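# Chains, contacts and geometry: an overview
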Amino acid sequence: MDIALILGVLIAFGSLYAMITLEGAHVEALLLPAPMILVFGATIAVGIASGTLRDAIASFSALPRALRGLSGPKPSELIAKVVGYAEKARTSGLLALESAVAEEKDPFLRQALQNIADGTDGDDLRIVMEDQVASAAGRNRIAGKFFTTLGGYAPTVGIVGTVVSLTHVLEKLDEPEKLGPLIAAAFVATLWGLLSANFIWLPLGGRLTRLAELELGRMTMLTEGMLAIQEGNPPHIVEERMTALSAEHPKKASRKPKADATPPSSESV
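Residues numbered from 1 in each chain as written. Predicted model: local features only at pLDDT ≥ 70, side-chain atom pairs only at ≥ 80, totals over all residues. Heavy atoms only, no water.

## Details of the overall build of the chain
Regarding its fold elements, the chain presents eleven helices and zero strands. When its helices and strands are written in sequence order, the chain yields α-α-α-α-α-α-α-α-α-α-α. For the chain, the C-alpha radius of gyration of 28 Å lies well beyond 18 Å, the compact-globule estimate for 269 residues. Dimensions of the chain, computed from C-alpha atoms along their principal axes, come out at roughly 105 × 45 × 35 Å. Counting across all 269 residues of the chain, residues that qualify as buried make up 34%. Within the chain, residue pairs in contact and separated by at least 24 positions form 75% of the contacts whose partners lie at least 6 positions apart. Looking at the chain as shown, the accessible area adds up to about 15800 Å², and 63% of this sits on carbon and sulfur atoms. (Helix = DSSP H or I, 4+ residues; strand = E, 2+ residues; numbered from the N terminus. Rg over C-alpha atoms; globule rule 2.2 N^0.38 Å. Buried < 20%, exposed > 50% of the residue type's maximum accessible area, 1.4 Å probe, protein only. Contact = heavy atoms within 4.5 Å. Areas by Shrake-Rupley, 256 points an atom, 1.4 Å probe, with all protein chains shown as cover.)

Here is the structure:
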């Protein structure tokens, strides 16, 4: 589990709390229900209105993924797995990969193995896998875009709340003793608009966008690896093609020289 989002947001709000405490203010002065309801409720509402209901549902469904991070094996583990399939295909033929289909848990990799074992043409296999990659990339980008959009709306919604509150303040000009607290409360809406945008919505959008990029890279790496197997490339070529696309750039193990390789003699012509 990658706790980057949780850690970052906690530190951000902790820094805010520290500032409030050092300034001698009170947190309770910022926790006003009316501006918070307006900022969070209206921001989410206009975010939903800017897209489709299906997009909004899919975006909120992605929140556990944003907290958890990218799941599944590391790139180095995926490379080792695909290289193992390449070795099996090279010694026993592509049809032997069919026995590994049932054991493979990754749906994307499992379907690729099945297509290779069924003798799918290389060009057709590339089209199928690249279409799956494009479809997954589109789905993964929706959530990031949605929360980034909320981050754009929130400050403006906060200003709307402040304007509404200041309108109420102008009605109390005949009560000067109440103007100070009312004006302070009016700016709480703007504060929550800025806070929610920069402490919640934009970090969520950026996090989900980054996870989408990592997932796209993982699927692209697997695509090239499986296509290399289908083309009959030796395992070390499969490894090199996948390593070049890996975000980790794992250190490759040094290979021993062949047993029949002998250093050139000074007496040889």
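## Structural notes on the confidence of the model for the chain
Averaged over every residue, the pLDDT of the chain is 86; the share at 70 or more is 91%. Averaged over each element, pLDDT in the chain is lowest for helix 9 (residues 176-186) (77) and highest for helix 2 (residues 33-49) (95). Confidence over residues 250-269 falls short of pLDDT 50; this stretch has nine contacts with residues more than four positions distant or in other chains. (pLDDT = per-residue confidence, 0-100.)

## Quick word on the pattern of salt bridges
It is possible for side chains bearing opposite charge to pair when their charged atoms get close. Following the criterion strictly, the structure yields nine salt bridges and no others. Between E130 and R126 there is a salt bridge, with the nearest N and O atoms lying 3.1 Å from each other. Of this pair, E130 and R126 both sit in helix 8 (residues 122-170), separated by four residues, roughly a single helical turn. A residue is classified by how much of its surface remains accessible, and E130, at 39% relative accessible area, is partly exposed. Through salt bridges with shared partners, a single network forms among R126, E130, E224, E231 and R241. (Salt bridge = Lys/Arg side-chain N within 4 Å of Asp/Glu carboxyl O.)

## Digging into helix 1 (residues 4-22)
Taking 1.5 Å as the rise per residue, helix 1 with 19 residues should run 27 Å; its terminal C-alpha atoms sit 27 Å apart, in good agreement. For helix 1, the complete set of buried residues consists of L5, A12, L16 and I20. Burial along helix 1 is one-sided: seen end-on, the buried residues are contained in an arc of 80°. With respect to the buried face of helix 1, the exposed residues turned more than 90 degrees away are L10, Y17 and L22. Packing partners of the buried residues in helix 1 comprise helix 4 (63-68) and helix 10 (188-230). Just past helix 1, the residue G24 takes up positive phi, approximately 80°. (Expected span 1.5 Å × (residues − 1). Arc of directions from axis to C-beta.)

## Re the nonpolar core
Within the largest apolar cluster, 28 residues are counted, with the highest numbers of intra-cluster contacts made by V82, M226 and I229. At the level of elements, helix 5 (75-92), helix 6 (98-101), helix 7 (107-117), helix 8, helix 10 and helix 11 (235-245) are the ones that each hand at least two residues to this core. Here M226 is in contact with V82, L109, A112, L113, I116 and M129, once residues within four sequence places are set aside. (Core = buried A, V, L, I, M, F, W, Y, C linked by side-chain atoms within 4.5 Å.)

## Things to note about the packing of helix 8 against helix 10
Between helix 8 and helix 10, the shortest axis-to-axis distance is 7 Å and the interhelical angle comes to 175°. Taken together, the axes of helix 8 and helix 10 lie roughly antiparallel to each other. Its residues assigned to classes, the contact of helix 8 with helix 10 shows 24 nonpolar, 18 polar and four charged. (Axes fitted to C-alpha atoms, helices over the stretch in contact; angles between N-to-C directions. Parallel < 35°, antiparallel > 145°, perpendicular 65-115°, else oblique. Nonpolar A, V, L, I, M, F, W, Y, C, P; charged D, E, K, R; others polar.)

## Topic: the side chain of D106
Relative to the helices and strands, D106 resides in the loop between helix 6 and helix 7. Judged by relative accessible area, which is 16%, D106 ranks as buried. What D106 contacts, discounting residues up to four positions off in sequence, is R218 and L222.

## Notes on the packing of aromatic side chains
Counted according to the given criterion, the structure contains seven aromatic pairs. Where F60 meets F147, the ring centres are 5.6 Å apart and the plane angle is 85°; that geometry is what we call edge-to-face. Separated by 87 residues along the polypeptide, F60 in helix 3 (residues 53-61) and F147 in helix 8 bring together distant segments of the chain. Each member of the aromatic cluster is reached from another via a ring pair, and the members are F40, F60, F146, F147, W192 and W201. (Phe/Tyr/Trp six-rings, centres within 6.5 Å; stacked < 30°, edge-to-face > 60°.)

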